[in-house]
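Architecture and fold: a report
This is what each chain is made of:
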Amino acid sequence: MAKDYYKTLGVDKDASKEDIKKAYRKLAHQYHPDKSGGDETKFKEVNEAYQVLGDDQKRQQYDQFGSSFDGANFGGAQGNTGGFGFEDIFSQFGGFRNAGGNAGAEFDFGDVFSDLFGGEAHTRTARARDISISLDITLPEAFTGVQKTVTLRKNIVCGECGGKGYPADAELKTCTTCNGTGKVRHETRTPFGFFSQTGVCASCGGKGKIPSKVCAKCSGKGYVNSKEDITIAIPAGIQSGQTIELAGRGEAAEGGAIGNLYATIRVLPDSTFQRKNNDLSSDADILFTQAALGDKIAVHTLDGEVLLKIPAGTHPEDSFRIKGKGMPIINSSKRGDLYVRVHIKTPQTISRDAKRLLEELRKQGL
């Protein structure tokens with residue numbers, strides 16, 4: 001019977017990678033066999049589940065094949081080629097040393113207990129911040145497509161040092177705190193023994209090198225706060241609520257990383273046309289004689305006037321479709337349609353001759 005790795009970790013199938021990692025850490029700490037009340041079997045099961053769900057490719061295969069998924073083929077089952085034994089579990093945490101079961105036994109669980117004791121097991125770079133803005137455009141602009149320039153004040157990559165934080169002539173020296181490794185080792189005493197962790201060196205930020213001088217413009221941060229003009233190309237046919245992503249146009253962070261800019265478009269209401277998806281609708285007034293006898297009228301569209309045939313016997317509020325005169329469809333040469341709803345206009349004043357003719361029509365039941 002196939003194993004339910006999601007159930008093993010106690011997470012939903014749509015859980016994020018971070019949620020899976022947190023669940024794994026908690027359970028690994030709970031079931032570790034060297035703890036009082038630990039469970040070696042459950043510890044192995046938890047680790048096996050994380051080996052699959054913590055890896056994007058293996059998780060995709062597991063979700064796709066379900067009960068046909070074979071953990072052994074993906075390094076998830078013990079005792080098979082490509083799998084792992086119990087000693088492999090500890091090797092993933094940076095090594096395991098047992099001092100004869102004494103209170104001074106030392107464990108190095110790396111990332112498993114990093115959150116519990118405030119350490120970091122891996123070098124981390126500063127995360128750049130994304131920026132989200134709203135942008136209003138008119139319906140005609142949405143019809144043709146338009147370029148809009150916005151001015152944002154944000155952190156941008158320092159032009160003096162290119163985001164490195166130090167000038168080109170600076171000498172890079174080996175960090176004396178970590179001896180160039182970028183990492184430092186910490187030991188924490190707990191009721192379960194000494195936990196040894198490897199964290200990022202605070203002196204060099206995990207880089208292993210320290211420049212002899214920093215950039216005078218950005219003070220070593222690699223970015224400066226400034227205004228920037230950004231031109232956003234809005235495609236023809238865009239709809240309200242759609243978002244345009246501009247990669248690398250968000251805020252810069254230390255180390256040269258840059259976030260993205262997300263512009264959410266709002267198409268303003270139009271006085272002539274109403275929009276539904278890619279179709280447009282509008283209204284037109286016609287005379288009673290045009291409705292009764294039929295005629296051709298000029299109708300306004302977003303790209304000029306066209307003639308619309310009004311058939312004899314048209315009723316008030318009848319709607320007529322003009323094919324291909326709606327909004328452009330993004331990434332297509334096609335367009336939506338225009339629907340024209342007609343209203344029969346009654347004149348406020350009429351001449352004596354017109355009144356006499358209408359009286360004749362009324363006598364004939366019209």
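First, a word on what this report is: a plain description of the structure on this page.

For the rest of this paragraph, the subject is a nonpolar patch on the surface. A cluster of nonpolar side chains, contributed by Phe288, Ile350, Leu358, Leu361 and Leu366, occupies part of the molecular surface with about 480 Å² of accessible area. Mapped onto the secondary structure, Phe288 falls in helix α8 (residues 288-293).

Glancing now at the pattern of salt bridges. With the rule as written, the count across this model stands at 14 salt bridges. For Lys17, the salt bridge goes to Asp56, with nearest N and O atoms at 3.6 Å. Residue Lys17 is located in helix α2 (residues 17-31), and its partner Asp56 is located in helix α4 (residues 56-65); the two are separated by 39 residues in the primary sequence. Of the residues examined, Asp56 reaches a relative accessible area of 52% and is grouped as exposed. With a closest N to O distance of 2.8 Å, Arg129 and Glu251 form a salt bridge. Taken together, the positions of Arg129 in the loop between α6 (114-117) and β3 (131-137) and Glu251 in the loop between β10 (243-246) and β11 (261-267) put the pair 122 residues apart, joining distant regions of the chain.

Our next topic: the sheet that holds β11. Taken together, the three strands give an open sheet; going across it, the order is β3-β11-β10, and neighbouring strands pair in mixed fashion. Across the chains shown, the open sheet's two edge strands, defined by having one partner strand only, are β3 and β10. Neighbour to neighbour, the strand axes of the sheet diverge by 25° on average, direction disregarded. Bridging between β10 and β11 involves four bridges; their strand directions are antiparallel. Bridged to Glu245 within β11 is Tyr262.

At Ser219, a position not held by glycine, the phi torsion is positive, near 60°. Position of Ser219 relative to the elements: it lies in the loop between β8 (209-211) and β9 (223-234). Residue Ser219 is classed as exposed on the basis of its relative accessible area of 53%. Phi is positive for Asn277, which is not a glycine, with a value near 60°. Relative to the assigned elements, Asn277 resides in the loop between β12 (274-276) and β13 (279-287). With a relative accessible area of 51%, Asn277 lands in the exposed category.

This paragraph deals with the packing of aromatic side chains. Each aromatic ring pair is specified by the distance between its two centres and by the angle formed by the two planes. By the definition in use, this model includes three aromatic pairs. For the ring pair Tyr5 and Tyr62, a centre distance of 5.0 Å and an interplane angle of 40° mean the geometry is tilted. Pair noted here: Tyr5 is in helix α1 (residues 5-9) and Tyr62 is in helix α4, with a separation of 57 residues, a long-range link. Classification of Tyr5 as buried rests on a relative accessible area of 4%.

The rules behind these values
Residues numbered from 1 in each chain as written. Predicted model: local features only at pLDDT ≥ 70, side-chain atom pairs only at ≥ 80, totals over all residues. Heavy atoms only, no water. Patch = residues over 30% accessible without salt bridge, like charges linked within 9 Å, V, L, I, M, F, W, Y side chains within 5 Å. Areas by Shrake-Rupley, 256 points an atom, 1.4 Å probe, with all protein chains shown as cover. Salt bridge = Lys/Arg side-chain N within 4 Å of Asp/Glu carboxyl O. Helix = DSSP H or I, 4+ residues; strand = E, 2+ residues; numbered from the N terminus. Buried < 20%, exposed > 50% of the residue type's maximum accessible area, 1.4 Å probe, protein only. Pairing = 2+ DSSP bridges. Axes fitted to C-alpha atoms, helices over the stretch in contact; angles between N-to-C directions. Phe/Tyr/Trp six-rings, centres within 6.5 Å; stacked < 30°, edge-to-face > 60°.

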